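Report on the structure
Below are the chains, spelled out letter by letter.
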Amino acid sequence: MSPTKPQAEPRSAYRVFRTITTRWMDNDAYGHVNNVIYYSWFDTAVNAHLIEQGVLDIHQGETIGLVIETQCNYFAPLAFPQAVEAGIRVAKLGTSSVRYEVGLFAQGDPLTAAKGHFVHVYVDSATRRPVPLPAPLKAVLEQLL
């Protein structure tokens, strides 16, 4: 049996949104945003949400998320000077890990131009050993399921 071809998704598939401004340098020689920028947007959308919710302290926090897996599918080009709207959801919540899924939309478009995921394993910031998700973080992540 062959795998199902990835499909663009509607806005209703995502729980929260964050607007991201494209930059001149995001475009590549082909006139659209280079693929590596999408991964930066995934990080920006998720981590900014966690910081705003008060559950991620990138400077003094005892627990940090390390990326162990990433993936992205592209459906339509994005380019500077478009604004991008990143939809976020949590697909799986484990004891010490979470799978974030992010849909990137051209501002106002109904379907994703790209969608992807990344998995964070949460670790002690000093020892880098996995730790259970702190209760406040888990509560915020459960809202994204």
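One can find the structure itself at the top, above this paragraph.
Residues numbered from 1 in each chain as written. Predicted model: local features only at pLDDT ≥ 70, side-chain atom pairs only at ≥ 80, totals over all residues. Heavy atoms only, no water.

Quick look at the overall build of the protein
- A tally of helices and strands in the protein yields 2 helices and 5 strands.
- Secondary structure elements in the protein, listed N-terminal to C-terminal, are β-α-β-β-β-β-α.
- Taken over C-alpha atoms, the radius of gyration comes to 16 Å for the protein, in line with the 15 Å a tight globule of 145 residues would show.
- For the protein, the spread of C-alpha atoms along the principal axes amounts to about 45 × 40 × 25 Å.
- By the burial criterion, 39% of the 145 residues in the protein qualify as buried.
- A separation of at least 24 residues holds for 70% of the contacts in the protein among residues at least 6 apart in sequence.
- Here the protein contributes 12 positively and 13 negatively charged side chains, and the mean placements of these two sets differ by 6 Å. (Helix = DSSP H or I, 4+ residues; strand = E, 2+ residues; numbered from the N terminus. Rg over C-alpha atoms; globule rule 2.2 N^0.38 Å. Buried < 20%, exposed > 50% of the residue type's maximum accessible area, 1.4 Å probe, protein only. Contact = heavy atoms within 4.5 Å. Lys, Arg positive; Asp, Glu negative; His and termini not counted. Charge placed at Lys NZ, Arg CZ, Asp CG, Glu CD.)

Brief notes about the sheet that holds strand β5 (residues 114–124)
- In spatial order, the strands read β1-β3-β4-β5-β2; together these 5 strands make up an open sheet with antiparallel pairing. Edge strands, defined here as strands with exactly one partner in the open sheet, are β1 (16–21) and β2 (63–74). For this sheet, the mean angle separating the axes of adjacent strands, direction not counted, is 25°.
- By the bridge criterion, 9 bridges tie strand β3 (residues 83–93) to strand β4 (residues 97–106) in an arrangement that is antiparallel. Paired with K92 across the strands is R99, a residue of β4.
- Here helix α1 (residues 35–52) sits on the sheet in contact with β1, β2, β3, β4 and β5, set at roughly 140° to β2.
- Sitting on the sheet, helix α2 (residues 135–142) touches β3, β4 and β5, and the angle it makes with β3 is about 115°. (Pairing = 2+ DSSP bridges. Axes fitted to C-alpha atoms, helices over the stretch in contact; angles between N-to-C directions.)

Regarding the nonpolar core
- Of all hydrophobic cores here, the largest spans 31 residues; its most connected members are Y38, W41, L50, L78, Y100, L104 and L141.
- When contributions to this core are tallied by element, the ones reaching two or more residues are α1, β3, β4, β5 and α2.
- Per-element accounting of this core gives the leading share, 7 residues, to α1.
- The contact partners of Y38, leaving out residues within four places of it in the chain, are V33, C72, Y74, A76, L78, L104 and A114. (Core = buried A, V, L, I, M, F, W, Y, C linked by side-chain atoms within 4.5 Å.)

Regarding the pattern of salt bridges
- Counted according to the given criterion, the structure contains 7 salt bridges.
- Across the salt bridge formed by E101 and R99, the nearest N and O atoms sit 2.9 Å from each other.
- Relative accessible area serves as the criterion here: at 14%, E101 is assigned to the buried category.
- A cluster of three or more residues bridged by salt bridges with shared partners is formed by E9, R89, R99, E101 and K115. (Salt bridge = Lys/Arg side-chain N within 4 Å of Asp/Glu carboxyl O.)

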